[in-house]
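# Structural overview for review
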Amino acid sequence: MDANTVSSNVSVLDLICKDKYAEANNHKRARDDFNKEAKNWVNTRNINSERAKELSKKAVEAKSERDVCNEKVRELKALRDQMHAKANELKEKGGDEYDNAKSEGNRYHDEMASFASKGQLAHQLMMQCYEDADVARKLSDIAHKKSIECRESANREHEAFLNTLKELKDLKNDPFGAIDSLEDDA
């Protein structure tokens with residue numbers, strides 16, 4: 001091997017090493033980008049998961065309030081019905097007792113309507129919270145899948161990075177054999 005051949009091979013080796021370093025850096029940068037994106041997806045997943053928990057808790061509280069209102073409606077309905085039945089018995093007699101029974105029945109009815117309205121609002125809030133929690137859970141699941149995809153991509157890029165570093169090491173340890181190997185791959 002003459003001096004020109006050696007010089008030519010060294011120049012080729014330098015170019016190959018330069019390309020391999022660039023390739024390794026590209027894999028490293030891509031790996032880091034995928035890891036960063038995975039972290040962002042994990043944060044998104046955590047935020048949506050926490051939101052789903054909070055909404056579910058709020059829905060349970062609204063359900064409890066609705067149930068209390070419904071129980072109060074049943075109690076007031078029974079009292080109203082008793083007073084209206086009493087008023088119907090006293091209707092023919094008339095007088096203060098009739099007026100009082102009818103008035104008390106109407107008061108129970110108004111209270112019952114108020115609790116029914118509160119119960120309906122609590123029920124609507126409960127349903128909305130459950131629906132919103134479902135959406136948040138679905139968003140959390142999507143973010144989780146995306147984070148896994150990014151981690152897998154990062155792992156592939158890391159593997160490519162390591163393989164490129166191994167090729168560089170081989171070039172340094174056996175430059176001419178590595179060049180022959182690279183030419184065989186081409």
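Residues numbered from 1 in each chain as written. Predicted model: local features only at pLDDT ≥ 70, side-chain atom pairs only at ≥ 80, totals over all residues. Heavy atoms only, no water.

## Comments concerning the overall build of the protein
- When you go through the protein residue by residue, the secondary structure sums to three helices and zero strands.
- The helix and strand sequence of the protein, counted from the amino end, reads α-α-α.
- Here the protein, with 186 residues, has 26% of them falling under the buried criterion.
- Of the contacts made within the protein by residues no fewer than 6 positions apart, 83% connect residues no fewer than 24 positions apart.
- Carbon and sulfur atoms provide 50% of the accessible area of the protein, an area that totals close to 12,800 Å². (Helix = DSSP H or I, 4+ residues; strand = E, 2+ residues; numbered from the N terminus. Buried < 20%, exposed > 50% of the residue type's maximum accessible area, 1.4 Å probe, protein only. Contact = heavy atoms within 4.5 Å. Areas by Shrake-Rupley, 256 points an atom, 1.4 Å probe, with all protein chains shown as cover.)

## Considering the pattern of salt bridges
- Evaluation of the coordinates by the stated rule reveals 13 salt bridges.
- A salt bridge links arginine 31 to aspartate 32; the nearest nitrogen and oxygen atoms lie 3.0 Å apart.
- Ionic pairing is found between aspartate 81 and lysine 77, a salt bridge with its closest N-O pair at 3.5 Å. Of this pair, aspartate 81 and lysine 77 both sit in helix α1 (residues 3-90), four residues apart, roughly one helical turn.
- For lysine 77, a relative accessible area of 39% translates into the label partly exposed.
- Bridged by salt links that share partners, the residues Lys20, Glu23 and Glu167 form one connected network. (Salt bridge = Lys/Arg side-chain N within 4 Å of Asp/Glu carboxyl O.)

## Details of the side chain of asparagine 48
- Tracing the backbone shows asparagine 48 in helix α1.
- For asparagine 48, a relative accessible area of 13% gives the class buried.
- Ignoring anything within four residues of it in the chain, the contact list for asparagine 48 reads Ala136, Leu139 and Ser140.

## A word on the packing of aromatic side chains
- Counted according to the given criterion, the structure contains zero aromatic pairs.
- The ring of phenylalanine 161 carries arginine 31 above its face, with NZ or CZ at 5.4 Å from the centroid.
- Sitting over the ring of tyrosine 108, arginine 107 keeps its end group 4.8 Å from the ring centre. (Phe/Tyr/Trp six-rings, centres within 6.5 Å; stacked < 30°, edge-to-face > 60°. Lys NZ or Arg CZ within 6 Å of the ring centre and 35° of its normal.)

## Overview of the side chain of threonine 164
- Position of threonine 164 relative to the elements: it lies in helix α2 (residues 95-173).
- Sequence-distant contacts of threonine 164, that is, excluding residues within four places in its chain, are made with Lys20, Glu23, Ala24 and His27.

## Observations regarding the nonpolar core
- Leu55, Ala59, Ala62, Met126, Cys129 and Ala133 form the largest nonpolar core, which has six residues in total.
- Breaking this core down by element, the ones donating at least two residues are α1 and α2.
- For alanine 59, the residues in contact, after removing those within four places along its chain, are Met126, Cys129 and Tyr130. (Core = buried A, V, L, I, M, F, W, Y, C linked by side-chain atoms within 4.5 Å.)

## What to know about the confidence of the model for the protein
- Across the protein, pLDDT averages 90, with 88% of residues at or above 70.
- Ranking the helices and strands of the protein by mean pLDDT puts α2 first, with 95, and helix α3 (residues 175-185) last, with 58. (pLDDT = per-residue confidence, 0-100.)

## Observations concerning the environment of serine 114
- With respect to the helices, strands and loops of the structure, serine 114 is situated in helix α2.
- By relative accessible area, serine 114 is classed as partly exposed at 35%.
- Separated by 41 residues in the primary sequence, serine 114 and valine 73 have C-alpha atoms spaced 8.7 Å apart.

## Looking at a nonpolar patch on the surface
- Taken together, the side chains of Val135, Leu139 and Ile142 define a hydrophobic patch exposed on the protein surface, amounting to about 260 Å² of accessible area.
- When you line up the elements, isoleucine 142 lands in helix α2. (Patch = residues over 30% accessible without salt bridge, like charges linked within 9 Å, V, L, I, M, F, W, Y side chains within 5 Å.)

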